[in-house]
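Secondary and tertiary structure notes
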Amino acid sequence: MSDAATTDAESETGDLEADIDGEILLPLATFAIIGNDIMEVVRDDITRTTFPSWMKRTPKRIGSISFGKLSSEEWKSTLLVSLPITLTRRWGLEGGKRAQYLENMVHLLLAIRLANRRLITDHALDLYERHYRAFVEGFVVLYPWERVRPYQHVGLHLPPELRLWGPGDNCNANPPELYNEMLQNIKSNNRFGKFYWRARFWLALIML
Amino acid sequence: MAGSILACADHAVAELEVTAARDFAVASYLKALFAYNALPESLSPFEVAITSFLSKKYQGGLARSVPSSHFDPTRKDWVIETAQKHPQIIKTPDYSALAEELGCEPPLKRAVLWCTGVSISHIRYQVLHVSKHNSRVLYRIRNGSLHCGIIQEIFAESPQKDSTGTTQAQRIFLTLKRFTPLQESDAAKDPYGNHPLLGRNAYDICRMYYDSCTSRDVVAVHDIVSHISTCRYDGDEVFSQATIITVVLDRVSFPPLDTLIPSQPHLFPSR
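Every value quoted in this text rests on a predicted model; they were computed, and no experiment measured them.

Along its length, chain A carries 10 helices and 0 strands. Order of helices (α) and strands (β) in chain A, N terminus to C terminus: α-α-α-α-α-α-α-α-α-α. Looking at chain A residue by residue over its 208 residues, the buried ones come to 46%. Pairs at least 24 residues apart make up 60% of the contacts formed inside chain A by residues separated by at least 6 positions.

Here is the structure:
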């Protein structure tokens, strides 16, 4: 999907449905599947959504230029909770291209949920392969101006890894990434190397 | 941890990011390896020692990684949160209603500890007046059907010793208010429940309920399936009452076991 912060296609080019269903090519700089109007609804829904404490909440200013990047956990909560709530309501009962965009996103959502299970079964991995393949194939058709990224290709190789190593929690990089974020937020004033051993001593003490 | 480093490093940290990340990664990987209920064959000679070590360290040992009761109804991996030091006696009418609804054997004891929350495999479920976000759950009732609701009360029987002197397992129960399902006329307009993948005819992750609770359920702690996210509906469709959208956040039994998973858990296959 295109950057949500870009100008909304509907406001720039008129009726998006007629354009994309009529296969009229739009200038890429003005084209966005999820535009500002949808993002405003998403942000409004986020304020009314409850998230359990173990899940990172979707940022309330998501999609605004001032907010910046999303972390991986924030991407996950956005895709698993916030976008389905809003997009199913807006596009779920419609036909045409928008329903196809929604279905494509739901295939990705289901694949992510299956890959994030805490208990892996052969059947769940088969379902993962089916949904992820449907997502990638749909992506190529629905977003012809985008190329398939290496990460999207790597997702197809996930099931053999999960069969070999068990559930993804084993080798999930999110916990160390969270520690990295905490450490990066410490203001070091570019003076590295001063209190190294002292800090390491305290760290060892904490870990004991 | 970061606060401690900040306090002792005077805002001048060395290559600590790399060191700490490596140390924590090693520790978390090791813990994750041991936390699954099947050990690799190469560790089988040390299984007794590892099990006893982990049961002391993590109060649940090797079965801790599977938080749902669907796989292990005898699990004991919960920790209650309570402000009370001593159990209280439930009043007679309340006790009669609870005991009748529970219908468990042995019958519910009258002296219980009222809890503010219960932690199951590090996932906290709390009562509504403590946390709105942690109180919304998907749960299973006695006939096996699944419902969404809000945790109103959590109470635990005080642990007691039997005639042989061994402490009996503590039983924990929850009272929940069940969200009212949509009437047929409204259910036909539900974009979530009627979705071909998310809806009730497929994975059944999302659906709508009325934003009201009419009936009450009393369940045991192992009948809790997972948290749910809820969002008040604010769309164009007109329903007969205010509605909410629920999204199930189950990471264990998704997709539902009885319909979609015929095979056995596949954790550490022979290589």
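From this point, things continue past the structure.
As a further point, take the side chain of E157(B). Residue and element names in this part refer to chain B. Inspection of the secondary structure assignment puts E157 in strand 7 (residues 146-157). At 2.8 Å, the side chain of E157 forms a polar contact with the side chain of R171. Not counting residues within four places of it along the chain, the set of residues in contact with E157 comprises P107, L108, K109, A111, V112, Q170, R171 and F173.

Residue and element names in this part refer to chain A. With 21 residues, helix 6 (residues 122-142) should reach 30 Å at 1.5 Å per residue; the first-to-last C-alpha distance of 30 Å fits that figure. Three or more residues of helix 6 are buried, namely A124, L125, L127, Y128, H131, Y132, F135, V136, G138, F139 and L142. An end-on view of helix 6 places all buried positions within 165° of arc, on one side of the element. Opposite the buried face of helix 6, at more than 90 degrees from it, the exposed residues are R130, E137 and V141. Looking at the packing, one finds that the buried side of helix 6 touches helix 5 (96-115), helix 7 (150-154) and helix 8 (158-165).

Scored by pLDDT, chain A has a mean of 79; 76% of the residues are at 70 or more. Low pLDDT, under 50, characterises residues 1-24 of chain A; the stretch is placed with 56 contacts to residues that sit more than four places away or in other chains.

Take the sheet that holds strand 4 (residues 117-120) of chain B next. All names here are of chain B. Taken together, the 3 strands give an open sheet; going across it, the order is 1-4-5, and neighbouring strands pair in antiparallel fashion. Two strands lie at the open edges of the sheet, namely strand 1 (78-81) and strand 5 (123-126), each paired on one side alone. Between one strand axis and the next, the sheet turns through 20° on average, direction left out of account.

Let us now look at the packing of aromatic side chains. Per the counting criterion, the structure on display carries 10 aromatic pairs over all chains. When the ring of Y101(A) is compared with that of Y143(A), the centres are 5.3 Å apart and the planes differ by 40°; the resulting orientation is tilted. With a gap of 42 residues between them, Y101(A) in helix 5 and Y143(A) in the loop between helix 6 and helix 7 connect regions that are remote in the sequence. One exposure class covers both Y101(A) and Y143(A), and it is buried. Measuring from centroid to centroid gives 5.3 Å for Y233(B) and F239(B), while their planes differ by 85°, and the two rings are edge-to-face. With a relative accessible area of 10%, Y233(B) lands in the buried category. Its relative accessible area of 11% is what places F239(B) among the buried residues. Linked through ring pairs, Y101(A), Y128(A), Y132(A), F135(A), F139(A), Y143(A) and W145(A) together constitute an aromatic cluster. One residue, K189(B), lies across the ring of F239(B), its end atom 5.5 Å from the ring centre.

Of all hydrophobic cores here, the largest spans 52 residues; its most connected members are L87(A), W91(A), L110(A) and I205(B). Elements with a contribution of two residues or more to this core: helix 3 (36-48), helix 4 (72-91), helix 5 and helix 6 of chain A together with strand 9 (206-220) and strand 11 (243-248) of chain B. Looking at this core, the element that brings in the most residues is helix 5 of chain A, giving 9 residues. Formed by 19 residues, the second largest nonpolar core is a distinct cluster that contains V118(B), V127(B), Y139(B) and I224(B).

A separate point is unusual backbone geometry. The phi angle of most residues is negative, glycine excepted, and most peptide bonds adopt the trans form. Residues and elements named next belong to chain B. In the Ramachandran plot, D204 falls in the positive-phi region, its phi being about 55° despite a non-glycine side chain. Positionally, D204 belongs in the loop between helix 5 (184-187) and strand 9. Of the residues examined, D204 reaches a relative accessible area of 31% and is grouped as partly exposed.

Under the definition given, this model contains 14 salt bridges over all chains. The closest approach of N and O atoms between R48(A) and D45(A), which form a salt bridge, is 2.6 Å. Taken together, the positions of R48(A) and D45(A), both in helix 3 and 3 residues apart, correspond to about one turn of that helix. Both residues of the pair, R48(A) and D45(A), count as buried. R171(B) serves as the salt-bridge partner of E157(B), at 2.8 Å between the closest nitrogen and oxygen. Taken together, the residues span a long stretch of sequence, with E157(B) in strand 7 and R171(B) in the loop between strand 7 and strand 8 (172-181) at a distance of 14 residues. An identical accessibility class is assigned to E157(B) and R171(B); each is buried. One connected set of salt bridges, linked through shared partners, spans D44(A), D45(A), R48(A), R89(A) and D234(B).

Parameters at a glance
Residues numbered from 1 in each chain as written. Chains lettered and ligands numbered in written order. Predicted model: local features only at pLDDT ≥ 70, side-chain atom pairs only at ≥ 80, totals over all residues. Heavy atoms only, no water. Helix = DSSP H or I, 4+ residues; strand = E, 2+ residues; numbered from the N terminus. Buried < 20%, exposed > 50% of the residue type's maximum accessible area, 1.4 Å probe, protein only. Contact = heavy atoms within 4.5 Å. Polar contact = N/O pair within 3.5 Å; in protein donor to acceptor, adjacent residues only side chain to side chain. Expected span 1.5 Å × (residues − 1). Arc of directions from axis to C-beta. pLDDT = per-residue confidence, 0-100. Pairing = 2+ DSSP bridges. Axes fitted to C-alpha atoms, helices over the stretch in contact; angles between N-to-C directions. Phe/Tyr/Trp six-rings, centres within 6.5 Å; stacked < 30°, edge-to-face > 60°. Lys NZ or Arg CZ within 6 Å of the ring centre and 35° of its normal. Core = buried A, V, L, I, M, F, W, Y, C linked by side-chain atoms within 4.5 Å. Salt bridge = Lys/Arg side-chain N within 4 Å of Asp/Glu carboxyl O.

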